[in-house]
Amino acid sequence: MKKNHLIYLLLSVFLLISVTGSSGFITAYDDIRLDWNKINPEGRIIFFAGSAGSCGVAWGYGPGSNESNSSHTPDAYIEPGKGFMFTFGTMLYHELDGILVNYLIEDNESKVLWPLRERTGVSIRWQHETVKHSLNVMLKPQAETVGGFIDPKFYVIPPPTNETQPSEFCSMEFSGIHRNGSKIESVSGFAGLFAIGVNNPWPTFPEPTIVIYLIQKRDGGEFDPLLVVLWSKDGGDLLGTTIERAKVFYVNFWALKRD
């Protein structure tokens, strides 16, 4: 994988989200008044993704719609790491423009029709300079978390789109422990997940990749980019840092239509 492919993948996932400012998977219905109670799901999605082994850890980096506006903290760095992640869940859905989602939007206001039921666990370790780090967190959806699924094997649960004042809308939340050398601290905030399991189902995302974004909520209501962690089925190069291919890599979902 060429270096600019991975960079572009990490940063351009949010082109889908920036269409409306909340989620690129939202379709507006400006001229139709909807009766939310009469909308029935077309089916149920069951999904699972897991990876283990080598990964890339971008500490202090946050999501952005392109390379120029991606934010990062002054102490940001990128290192190779090791660890694992898993995610599994279920969601009622209907189809919008070829995307299977759990919401609608009317008059620029979104409505989650059916909850996303999901858990994601992440355990990684890495070393920066002489200090060893580890991070163990659990992600879970909120009441307003949205999901978008596209065949084949492509889905996004979007993170906040603004790192300095992130919206709690759409994103999952996370909590866990960060070990920094001999120091241990609790971390929590908002999170997103991007998973693609096959080669080039969408031109913008050419490689099988799992990406998790974490934005930390500080005391006083401030937010900081915490990290981006990436597992790649084929391996590659990220800003000069070599990422070995993951030892285990799996992404899939099943859409079960109602009769």
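These remarks concern the structure in this document. (Residues numbered from 1 in each chain as written. Predicted model: local features only at pLDDT ≥ 70, side-chain atom pairs only at ≥ 80, totals over all residues. Heavy atoms only, no water.)

Further remarks concern the pattern of salt bridges. Inspection of the entire model under this criterion finds one salt bridge. The residue Lys257 makes a salt bridge to Glu42 at a minimum N-O spacing of 3.8 Å. Within this pair, whereas Lys257 is found in strand E17 (residues 248–257), its partner Glu42 is found in the loop between strand E1 (28–29) and strand E2 (43–61), the two being separated by 215 residues in sequence. A relative accessible area of 58% places Lys257 in the exposed class. (Salt bridge = Lys/Arg side-chain N within 4 Å of Asp/Glu carboxyl O. Helix = DSSP H or I, 4+ residues; strand = E, 2+ residues; numbered from the N terminus. Buried < 20%, exposed > 50% of the residue type's maximum accessible area, 1.4 Å probe, protein only.)

Formed by 38 residues in total, the largest nonpolar core has its most connected members in Ile124, Leu139, Tyr155, Ile212, Leu214, Leu227 and Trp231. With six residues, E2 is the largest single contributor of residues to this core. If we skip the residues at most four places from it in the chain, Tyr155 touches Phe47, Phe48, Ala49, Thr87, Gly148, Phe149, Leu193, Phe194, Ala195, Val251, Asn252 and Phe253. The next biggest cluster of nonpolar side chains, apart from the first, holds 23 residues, and it includes Ala58, Val101, Phe154 and Ile196. (Core = buried A, V, L, I, M, F, W, Y, C linked by side-chain atoms within 4.5 Å. Contact = heavy atoms within 4.5 Å.)

Here we take up the packing of aromatic side chains. The full count for this structure, using the stated rule, is eleven aromatic pairs. Measuring from centroid to centroid gives 5.2 Å for Phe47 and Phe149, while their planes differ by 50°, and the two rings are tilted. Of the two residues, Phe47 is situated in strand E2 and Phe149 in strand E9 (residues 148–150); the sequence distance between them amounts to 102 residues. Between Trp59 and Tyr77 the ring centres are 6.4 Å apart and the planes differ by 20°, which places this aromatic pair in the stacked class. A residue pair is termed long-range when its members are at least 10 positions apart, and Trp59 in strand E2 and Tyr77 in strand E3 (residues 72–96) qualify at 18 residues. What makes Trp59 buried here is its relative accessible area of 12%. For Tyr77, a relative accessible area of 10% gives the class buried. Each member of the aromatic cluster is reached from another via a ring pair, and the members are Phe47, Phe149, Tyr155 and Phe253. (Phe/Tyr/Trp six-rings, centres within 6.5 Å; stacked < 30°, edge-to-face > 60°.)

Taken by themselves, the reported measurements are silent on function.
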